[in-house]
Structures are given as C-alpha cells and as structure tokens.
Amino acid sequence: MKYEAVIGLEVHAQLATKSKLFCPCSTAFGAKPNTNICPVCSGQAGALPVLNKMAVEMAVKSGLALGCTIQEKSIFARKNYFYPDLPKGYQISQYEKPLCLNGHLDIVTDGKLKRVHIQRIHMEEDAGKLLHETGHENFSHVDLNRCSTPLIEIVSGPDLSTPQEAADTYRKLRNILVYLEVCDGNMQEGNLRCDANVSLRPIGAKAFGTRSEIKNVNSFKFLENAIAYEIKRQAEILDGGGKVVQETRLWNQAKQMTTSMRSKEEAHDYRYFPDPDLLPLVVDTLWIEKIKSSLPELPEAKAERFVSDYGLPEQDAQVLTAEKPMAHYFEECIVGFNAPKKIANWIMAELMRELKSRELDITQIKMKPNQLAHMVALIENGTISGAIGKTIFMEMLNSGTDPDKIIEAKGLKQVTDTSTIEIVIDKIIAKETENVQRYKSGKTNVFGFFVGAVMKEMGGKANPKIVNEILRKKLN
Ligand SMILES: [Zn+2]
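Residues numbered from 1 in each chain as written. Predicted model: local features only at pLDDT ≥ 70, side-chain atom pairs only at ≥ 80, totals over all residues. Heavy atoms only, no water.

Undergrad: Would you take a moment to explain the overall build of the protein chain for this structure?
TA: Looking only at helices and strands, the protein chain features 15 helices and 16 strands. In terms of C-alpha radius of gyration, the protein chain reaches 30 Å, well past the compact-globule figure of 23 Å for 476 residues. Going through the 476 residues of the protein chain one by one, you find that 47% of them count as buried. A separation of at least 24 residues holds for 69% of the contacts in the protein chain among residues at least 6 apart in sequence. On the protein chain, roughly 24,400 Å² of surface is accessible, and the fraction owed to carbon and sulfur atoms is 52%. Charge separation in the protein chain, taken as the distance between the mean sites of 61 positive and 60 negative side-chain charges, equals 3 Å. (Helix = DSSP H or I, 4+ residues; strand = E, 2+ residues; numbered from the N terminus. Rg over C-alpha atoms; globule rule 2.2 N^0.38 Å. Buried < 20%, exposed > 50% of the residue type's maximum accessible area, 1.4 Å probe, protein only. Contact = heavy atoms within 4.5 Å. Areas by Shrake-Rupley, 256 points an atom, 1.4 Å probe, with all protein chains shown as cover. Lys, Arg positive; Asp, Glu negative; His and termini not counted. Charge placed at Lys NZ, Arg CZ, Asp CG, Glu CD.)

Dropping the structure here:
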C-alpha cells in the first residue's frame with residue numbers, strides 16, 4: 001500500500017433530555033407515531049421555539065469532558081433543505097458559531113497512545129422519520145415524533161489513519177457520553193450515529209486527497225468494515241489512474257460494501273443564516289464553572305483510582321472502567337468480598353466472555369454482584385474448588401440463583417474429609433500399577449495424572465490441597 005488514509009469522524013449523539021430542544025414534547029422512544037408533537041416541532045406557521053436549558057447543560061458537559069473551550073456566545077442557524085420528514089423546511093443547527101471548540105480525546109490502539117483533536121461540538125435538532133415498510137406498497141408514512149429531539153454533533157480532526165483507530169475513537173466517545181449521562185449510547189435506536197470522512201494520499205504527502213463521506217454508521221464493527229472497504233476502493237481507483245469523486249456514500253452491511261448516495265454536484269446548498277426566532281445562546285462563566293464542578297468521574301480518572309485503591313494492574317483497570325455499568329458492577333462485587341484482583345479475573349475472563357458470546361451487556365444479566373462476590377469468597381475459604389466455581393458461575397448467570405442454594409441443590413460442596421479422599425486414592429493407586437511404577441522410577445510428571453484421576457472420580461469436589469498431600473504421602 002503506497003497510500004496513507006486520512007480519516008475524520010462526525011458523531012451525532014442524542015441528548016438524554018426528557019423533552020425536545022425547542023418545545024415541551026416528550027423524547028420517549030417507541031411512542032405511537034405522531035403522538036409526541038406540537039405546533040413547534042411539527043413546523044406550524046407562527047409557532048416559536050424556546051430553548052431547552054437542560055440540553056444546553058448536557059452539551060456544555062460533553063464539551064468540558066472533551067477538553068473543549070465553551071463559547072460564551074453561540075448562534076443557532078437555519079440549515080435549509082426540503083425533505084418530507086422536515087416539516088419546517090429547515091433544521092435548526094449551529095454553524096459558524098458553535099458552542100464548543102478545540103477539545104481532544106486520547107485513544108489507545110495496539111498499545112499506542114494517540115491524541116485526537118475535537119474541532120467542534122455544536123447543538124442541533126433531529127429530523128423526523130420516514131416509514132417505508134408500512135404494508136402500503138404505494139405509500140410511505142412519516143413519523144414526526146423525533147423532530148426537534150436534541151442532538152450534539154462532535155467533529156474530530158482528520159487525525160485518524162486506520163479503521164481500528166476510528167472505531168476506538170467512536171467507542172471512547174460513546175463511553176464518555178454514557179459516563180456523563182448525557183446520551184444513552186443506544187446505537188440500535190439511533191441515539192448515537194457516526195459519519196466518517198475518508199481520503200487517501202501518497203505516504204508522506206501533506207495535501208489531502210479527495211474524500212468521501214460514509215453516512216450514518218451505527219456500530220463499531222460496521223464503522224471499521226466500512227472504512228476498510230472505502231480505503232481499498234479508493235486505492236484501487238488511484239492505482240488504476242482514476243480520480244476519487246467527492247461524494248456521500250452509505251455502508252451496506254449485507255453486501256459488505258459502500259454505495260454512492262449523492263455526489264458533490266447533488267449536494268445541498270443549505271443557505272445557512274442565523275435563526276431570527278432565537279436569541280444568541282449566551283452561557284456565562286459562572287454556570288460553566290458550576291457544570292464543571294458537577295462532572296462525574298470519567299473513565300481515565302476511574303482507571304487511575306482502580307489502580308491506586310484496589311491495586312489492580314493498569315490493563316485490568318482500563319478494561320473494567322471502559323464502560324460505566326461494568327465499573328459499577330465490579331465495585332459492587334468488592335463491597336461483597338474485598339478481593340479486587342480475584343474478582344477482576346472472574347469478570348474479565350468468565351463474565352466478559354459469556355457476555356460477548358450471548359450478546360448481552362452487564363445490565364441485562366440475572367447474576368447479582370453480591371452473588372459473584374460470595375462465590376469467589378467460597379472458593380477462597382475452601383468450601384468449593386475453582387472448577388466447581390465455574391459450574392456455579394454458569395448456573396448463577398443462567399438463573400440468578402444464590403451460590404449457596406446451587407451448592408446445596410447439586411451437592412457441590414468440596415470434600416475435605418481425608419478418609420473419604422484416601423479411599424478413592426487407594427483405589428486408583430491399586431488400579432494404576434503401571435503409572436505407580438513410572439512415578440517410582442523418577443517420572444514424577446505422572447503426579448498430575450493421579451491428581452486428575454482422583455478429581456474425576458470425585459466429580460471435581462475433592463479439596464485439591466488435601467488430594468495433593470495424601471497422594472504425595474502414598475506414592476513416596
Ligand atoms: Zn413539540
């Protein structure tokens with residue numbers, strides 16, 4: 001590959017306010033079409049917008065968390081275009097004077113730290129939604145419930161060079177917004193969407209190549225796939241002596257390719273101008289300071305605290321704090337049983353693997369933190385073995401039953417009675433004469449075979465320490 005990719009992201013996040021940006025209508029998802037609307041958000045003549053203060057507070061929070069300078073004065077503008085889901089004929093957005101400027105975000109990709117510039121964050125309203133699959137072949141329907149839902153658009157610098165860096169940036173942005181509780185981060189419901197600008201240039205060149213914009217990607221994996229495809233597509237055009245056309249493209253996950261949506265010639269001229277119905281947005285310094293002091297602990301600070309307070313390795317702290325609900329689950333476990341590294345191991349190995357394979361997130365499972373904590377405590381005090389712990393873990397995950405009840409019902413308690421263990425060991429030694437000979441002739445590595453045989457015979461319930469002690473005594 002003789003080109004390097006230049007990638008920038010534009011992330012649209014729906015702010016988690018209860019009401020819309022310029023009217024008191026509800027933002028609740030899933031309501032019956034056209035029930036959460038009023039004259040303002042459905043674009044009736046003469047209706048006047050009134051700005052939602054909570055939305056501004058959430059936008060300022062996002063800006064502060066991303067290291068931006070909050071502009072004391074920003075301007076809402078009209079972005080004019082016609083579309084059936086936009087009854088006003090314009091979208092209210094911030095254009096020349098956005099609320100937040102010049103922030104940054106640090107990502108780690110393949111162990112390498114990179115600082116990504118955040119050029120701006122501006123506030124805007126969402127449009128409605130066209131419904132094409134309504135059972136009426138010849139009609140499309142329009143649902144205006146989403147009209148005027150508050151959004152922020154976060155625009156990164158063209159600082160990313162690989163699909164993975166782009167996905168890591170998107171993931172980190174989502175985690176921060178969810179930590180701040182300004183966006184629920186639900187990509188299925190379209191509450192977080194990402195556009196990617198992608199261009200290529202010869203390695204070492206300064207000037208940018210012609211870019212294409214991939215619109216509305218709503219998963220980290222899709223974003224990675226779409227950018228990788230786009231890099232390959234553009235490289236093939238350039239290699240063939242062709243020119244990349246500036247255009248907007250869409251990612252088709254089923255076909256694993258991007259397709260053209262519109263070219264530069266078809267691009268809208270939005271004729272932005274300041275909205276005469278809205279005063280400039282003025283945010284005073286005192287309010288900014290107040291919001292700053294209310295910011296919650298963010299992932300990086302939390303990871304540092306996990307290292308200093310719980311003595312966790314840096315890597316563990318990063319993994320556990322990446323998502324707020326997971327960090328919370330971990331800390332709830334610690335309340336139940338104060339063994340941070342042991343709990344961290346169970347969460348990072350067993351729990352995260354199961355969540356991934358079952359496509360669940362931590363808030364959707366039945367196993368409560370105190371149950372996991374109690375099970376780890378039972379292993380530590382010798383009531384059950386680690387292997388039995390895994391059986392109990394799966395059962396807790398599936399049913400949310402307390403570990404004590406599972407142990408009771410399935411008779412999983414560890415056997416520590418030496419005479420019971422001794423009987424089994426004697427039986428195995430009597431049967432395995434050949435292996436006993438090998439052990440006695442110095443091949444001590446067959447010891448593990450004996451331990452395994454005893455454990456198997458006893459259904460994994462024998463206390464391994466006692467098994468080891470008795471075996472050693474008998475064989476030597
Ligand atoms: Zn309304």
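Undergrad: Looking at this structure, I do not really get the coordination of the zinc ion. What am I missing?
TA: Angles at a metal have ideal values that depend on geometry: 109.5 degrees with four tetrahedral donors, 90 or 180 degrees with six octahedral donors. Every protein donor of the zinc ion is accounted for by Cys23 (SG), Cys25 (SG), Cys38 (SG) and Cys41 (SG), and the metal-donor separations fall at 2.3 to 2.4 Å. For the zinc ion, the four donor atoms in the first shell make angles of 100 to 115° at the metal, a pattern classed as tetrahedral. Counting residues between consecutive donors of the zinc ion along the chain gives the motif C-x1-C-x12-C-x2-C. Within this pair, whereas Cys23 is found in the loop between strand E1 (3–14) and helix H1 (53–65), its partner Cys38 is found in the loop between E1 and H1, the two being separated by 15 residues in sequence. Both residues of the pair, Cys23 and Cys38, count as buried. (Donors = N, O, S within 2.8 Å, 3.2 Å for Na, K, Ca; no water. Tetrahedral: all angles 85-135°; square planar, octahedral: opposite > 155°, others 65-115°.)

Undergrad: Explain the nonpolar core to me, please; I cannot follow it from the model alone.
TA: Nonpolar side chains tend toward joint burial in soluble globular proteins. Core analysis: the largest hydrophobic core is formed by 107 residues, its most contacted members being Met123, Phe330, Ile347, Leu351, Leu372 and Met375. When residues are assigned to domains, this core turns out to be shared by domain 1 (3–290) and domain 2 (297–410), each giving three or more. If sequence neighbours within four positions are ignored, Leu372 has contacts with Tyr329, Cys333, Trp346, Ile347, Met367, Phe393 and Met396. Residues Ile421, Val446, Ile466 and Leu471 belong to the second largest nonpolar core, which totals 20 residues. (Core = buried A, V, L, I, M, F, W, Y, C linked by side-chain atoms within 4.5 Å. Domains from an automatic or database assignment.)

Undergrad: I keep staring at the domain arrangement of the protein chain and nothing clicks. Help me out?
TA: Domain annotation for the protein chain reports domain 1 (3–290), domain 2 (297–410) and domain 3 (418–475). Centre-to-centre, using C-alpha coordinates, domain 2 lies 33 Å away from domain 3.

Undergrad: Looking at this model, I keep getting lost on the pattern of salt bridges. Mind explaining?
TA: Where charged atoms of side chains with opposite charge meet at close range, the side chains can pair. Summed over all chains, the structure comprises 33 salt bridges. Linking Asp195 and Lys215 is a salt bridge whose minimum nitrogen-to-oxygen distance equals 3.2 Å. Placement of Asp195 in strand E11 (residues 192–202) and of Lys215 in strand E12 (residues 212–217) is noted, with a sequence separation of 20 residues between them. Glu247 serves as the salt-bridge partner of Arg233, at 3.7 Å between the closest nitrogen and oxygen. Here the residue Arg233 occupies a position in helix H3 (residues 220–239), and Glu247 occupies one in strand E13 (residues 247–252), the gap between them amounting to 14 residues. By relative accessible area, Glu247 is classed as buried at 12%. Through salt bridges with shared partners, a single network forms among Glu350, Arg353, Glu354, Arg358 and Lys390. (Salt bridge = Lys/Arg side-chain N within 4 Å of Asp/Glu carboxyl O.)

Undergrad: Is there a simple way to explain empty space enclosed by the protein in this structure?
TA: The probe, sized like a water molecule, is rolled over the atoms to show the empty space still left. Under the defined criterion, the tally for this structure stands at one cavity of 30 Å³ or more. Here the largest cavity is characterised by a volume of approximately 40 Å³. What lines the largest cavity is Cys41, Leu86, Pro87, Lys88, Tyr90, Glu125, Asp126, Cys147 and Ser148. Broken down by class, the residue content of the lining of the largest cavity amounts to five nonpolar, one polar and three charged. (1 Å grid on protein atoms, 1.4 Å probe; cavity = no way out; pocket = protein on both sides within 12 Å on 5 of 7 lines; lining within 4 Å. Points joined across faces, edges and corners; volume = space filled by probe spheres on them. Nonpolar A, V, L, I, M, F, W, Y, C, P; charged D, E, K, R; others polar.)

Undergrad: For this particular structure, what's the right way to read unusual backbone geometry?
TA: Across the chain, the bulk of peptide bonds are trans and the bulk of non-glycine residues have phi less than zero. The residue Asn216 is not glycine, and still its phi comes out positive at about 50°. Mapping Asn216 onto the fold places it in strand E12. By relative accessible area, which is 46% here, Asn216 ends up partly exposed. Even without being glycine, Glu359 reaches a positive phi, approximately 50°.

Undergrad: Hey, could you run me through the packing of aromatic side chains in this one?
TA: Each aromatic ring pair is described using two quantities: the centre-to-centre distance and the angle formed by the ring planes. Enumeration over the complete set of coordinates arrives at twelve aromatic pairs. Aromatic side chains Phe22 and Phe76 sit 5.6 Å apart centroid to centroid with 85° between the ring planes, which places their arrangement in the edge-to-face category. Of this pair, Phe22 sits in the loop between E1 and H1 while Phe76 sits in strand E4 (residues 76–80), and the two are 54 residues apart along the sequence. Each member of the pair, Phe22 as well as Phe76, carries the same accessibility label: buried. Ring plane angle 5° and centroid distance 3.5 Å describe the contact between Tyr95 and Tyr272, whose orientation is recorded as stacked. (Phe/Tyr/Trp six-rings, centres within 6.5 Å; stacked < 30°, edge-to-face > 60°.)

Undergrad: How should I be thinking about the pairing of strand E10 (residues 150–156) in this particular structure?
TA: Successive side chains on a regular strand alternate, one facing one side of the sheet and the next facing the other. E10 sits mainly inside the fold: seven of its seven residues count as buried. The alternating pattern of E10 places Pro150, Ile152, Ile154 and Ser156 on one face and Leu151, Glu153 and Val155 on the opposite face, and all of these are buried. When strand E7 (residues 112–125) meets E10, the two strands line up antiparallel, connected through seven bridges. Bridge assignment links Ile118 to a residue of E10, and that residue is Ser156. (Pairing = 2+ DSSP bridges.)

Undergrad: Whenever I open this one, the state of the cysteines confuses me. Can you help?
TA: Joining two cysteines, a disulfide is a covalent bond between their sulfur atoms. Counted according to the given criterion, the structure contains zero disulfides. Cys147 carries a free sulfur, and the closest cysteine sulfur to it, the one in Cys41, is 6.6 Å from it. (Disulfide = S-S within 2.5 Å.)

Undergrad: What is the right way to look at the packing of H1 against helix H4 (residues 285–293) in this model?
TA: Think of two packed helices as two axes; the pair is described by the angle between the axes and how far apart they sit. At a minimum axis distance of 10 Å, the contact between H1 and H4 shows a crossing angle of 65°. Judged by the angle between their axes, H1 and H4 are roughly perpendicular. For the element pair H1 and H4, the recorded crossing hand is right-handed. On H4, the residues touching Lys53, Val56, Glu57, Val60, Lys61 and Leu64 of H1 are Trp287, Ile288, Ile291 and Lys292. (Axes fitted to C-alpha atoms, helices over the stretch in contact; angles between N-to-C directions. Parallel < 35°, antiparallel > 145°, perpendicular 65-115°, else oblique. Left-handed = near helix turned anticlockwise from the far one by under 90°.)

Undergrad: What's the story with the packing of helix H7 (residues 324–336) against helix H8 (residues 340–358) in this structure? I'm lost.
TA: Look at H7 against H8: their axes get within 10 Å of each other, and the N-to-C directions meet at 135°. Regarding the angle of H7 to H8, the classification is oblique. Along this stretch, H7 crosses H8, giving a crossing that reads as right-handed. Contacts from Met326, Tyr329, Phe330, Cys333 and Ile334 of H7 reach H8 at Pro340, Ile343, Ala344, Ile347, Leu351, Met352 and Leu355.

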